[in-house]
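Residue-level listing of the chains:
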Amino acid sequence: MTIADLLKAGLECYQQGNLEAAEKNFRQVVLSDSSNIHGLNLLGMVCVNTGRHEEAVNLISQALEINPADAQAQGNLGLAYQRMGNQTLAERSFRKSIEIGTNNPSIFNSLGNVLRESGQSSEAVQVYESTLKVDGNYPECWTNLSQALVELGEFGRAFQAVSRALQIDPSLAEAHNQMAEIYRNTFKYDLAISAYKKSLELCPTLYESMLGLATVYRESENVDAALEVLNRLIALEPRHAKAHAALGI
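Residues numbered from 1 in each chain as written. Predicted model: local features only at pLDDT ≥ 70, side-chain atom pairs only at ≥ 80, totals over all residues. Heavy atoms only, no water.

## Description of the overall build of the chain
Here is step 1 of the chain: Helix and strand content of the chain: 15 helices and zero strands.
Here is step 2 of the chain: Viewed in the frame of its principal axes, the chain has a C-alpha envelope of about 65 × 40 × 30 Å.
Here is step 3 of the chain: Counting the 249 residues in the chain, one finds 48% classified as buried.
Here is step 4 of the chain: Across the chain, contacts joining residues at least 24 apart in sequence account for 42% of those joining residues at least 6 apart.
Here is step 5 of the chain: Accessible surface, the chain as shown: approximately 12,500 Å² in total, 50% of it carbon and sulfur. (Helix = DSSP H or I, 4+ residues; strand = E, 2+ residues; numbered from the N terminus. Buried < 20%, exposed > 50% of the residue type's maximum accessible area, 1.4 Å probe, protein only. Contact = heavy atoms within 4.5 Å. Areas by Shrake-Rupley, 256 points an atom, 1.4 Å probe, with all protein chains shown as cover.)

Have a look at this one:
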């Protein structure tokens, strides 16, 4: 197979979620041509999605040494840093990607996430809103906007944002979880419980929803139900620190 064939085959596997087969193809590309920026970048993204973040940074950085003006690679580097928990370098890479001229809404959304996760919720709202002006049918971004607005105490706007997300994609578990968070924070416990359960129906391993459901059970004085959910969560993920803390409470 030619390098072009390997890249095409690897990309098809990647898009289908067959990361093992994708990696084999991309590694063959890099072995054949160590300066192939597409192979380096795509192999880096396989590493991002399989938890090998340091290797991902190394591979994508090699691609950027060859072509520093690759906006997508800069964005991918930001994703690798974000998964590593290095918000400062993630923000720098996302901003560099935007400065170069990326038109990928997911990069803007990721920048908003980094800002929100580092306590800059007001700035995150501005980024999310700018993104949604470009792509108003981006349910994950509407959900993230809602989360940032909750952190600012703007529950009415947060409700509108997550409602829009659910209009676009009713099957988005994270959006149902976010709706539940709004209900819980506004003491509408019955509605919160229903929304958390819907989220878990769509994604049974969404630990955030399990923790939220346990919390709302505890806050509504149904301790037995809270304990059942927390024990189930810890059985699935024994190292979930927040679950252990909630169990202690």
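## Quick word on unusual backbone geometry
Here is step 1 of the chain: Residues other than glycine seldom take positive phi values, yet Phe187 does so here, at roughly 65°.
Here is step 2 of the chain: Positive phi values are uncommon outside glycine, yet Glu221 reaches one of about 70°.

## Focus on helix α11 (residues 173-185)
Here is step 1 of the chain: With 13 residues, α11 ought to run about 18 Å at 1.5 Å a step, and its terminal C-alpha atoms sit 18 Å apart, in line with that.
Here is step 2 of the chain: Within α11, burial applies to Ala173, Ala175, His176, Asn177, Gln178, Met179, Ala180, Glu181, Ile182, Tyr183 and Arg184.
Here is step 3 of the chain: A positive phi of about 65° marks Phe187, the residue just after α11. (Expected span 1.5 Å × (residues − 1).)

## A look at the environment of Glu23
Here is step 1 of the chain: With respect to the helices, strands and loops of the structure, Glu23 is situated in helix α2 (residues 19-32).
Here is step 2 of the chain: Measuring from C-alpha to C-alpha, the distance between Glu23 and Gly39 comes to 9.6 Å, with 16 residues separating the pair along the chain.
Here is step 3 of the chain: With near-sequence residues (within four places) excluded, Glu23 lies in contact with Leu43, Val46 and Arg52.

## A short note on the packing of aromatic side chains
Here is step 1 of the chain: Evaluation of the coordinates by the stated rule reveals two aromatic pairs.
Here is step 2 of the chain: A centroid spacing of 6.4 Å and a plane angle of 90° characterise the contact between Phe187 and Tyr189, whose relative ring orientation is edge-to-face. (Phe/Tyr/Trp six-rings, centres within 6.5 Å; stacked < 30°, edge-to-face > 60°.)

## Notes on the nonpolar core
Here is step 1 of the chain: Of all hydrophobic cores here, the largest spans 77 residues; its most connected members are Phe26, Phe94, Leu145, Leu213 and Tyr217.
Here is step 2 of the chain: Sort the elements by how many residues they give to this core and helix α3 (residues 37-48) lands first, with eight residues.
Here is step 3 of the chain: Ignoring sequence-local partners within four residues, the contact set of Leu145 consists of Val125, Tyr128, Glu129, Leu132 and Ala161. (Core = buried A, V, L, I, M, F, W, Y, C linked by side-chain atoms within 4.5 Å.)

## Brief notes about the environment of Leu11
Here is step 1 of the chain: Secondary-structure assignment places Leu11 in helix α1 (residues 3-15).
Here is step 2 of the chain: Placed 10 residues apart in sequence, Leu11 and Ala21 show a C-alpha to C-alpha distance of 9.7 Å.
Here is step 3 of the chain: In this structure, Leu11 is in contact with Phe26 and Leu42, ignoring residues within four places of it in sequence.

## Regarding the state of the cysteines
Where two cysteines share a covalent bond between their sulfur atoms, that bond is called a disulfide.
Here is step 1 of the chain: Evaluated as defined, the whole model comprises zero disulfides.
Here is step 2 of the chain: For Cys47, which is in no disulfide, the shortest distance to another cysteine sulfur is to Cys13 and amounts to 16 Å. (Disulfide = S-S within 2.5 Å.)

## Topic: a nonpolar patch on the surface
Here is step 1 of the chain: On the surface, Val223, Leu227 and Leu247 cluster together into a nonpolar patch covering about 210 Å² of accessible area.
Here is step 2 of the chain: Locating Val223 in the fold gives a position in helix α14 (residues 223-236). (Patch = residues over 30% accessible without salt bridge, like charges linked within 9 Å, V, L, I, M, F, W, Y side chains within 5 Å. Salt bridge = Lys/Arg side-chain N within 4 Å of Asp/Glu carboxyl O.)

## What to know about the packing of helix α6 (residues 87-100) against helix α7 (residues 105-117)
Here is step 1 of the chain: Their axes nearest at 9 Å, the elements α6 and α7 cross at an angle of 150°. Here α6 lies roughly antiparallel to α7, going by the angle between them. Every pair of crossing elements has a handedness; the one defined by α6 and α7 is left-handed. Facing Gln87, Ala90, Glu91, Phe94, Arg95, Ser97 and Ile98 of α6, the residues of α7 in contact are Ile107, Phe108, Ser110, Leu111, Val114, Leu115 and Glu117.
Here is step 2 of the chain: Tallied by class, residues from the contact of α6 with α7 come to eight nonpolar, three polar and three charged. (Axes fitted to C-alpha atoms, helices over the stretch in contact; angles between N-to-C directions. Parallel < 35°, antiparallel > 145°, perpendicular 65-115°, else oblique. Left-handed = near helix turned anticlockwise from the far one by under 90°. Nonpolar A, V, L, I, M, F, W, Y, C, P; charged D, E, K, R; others polar.)

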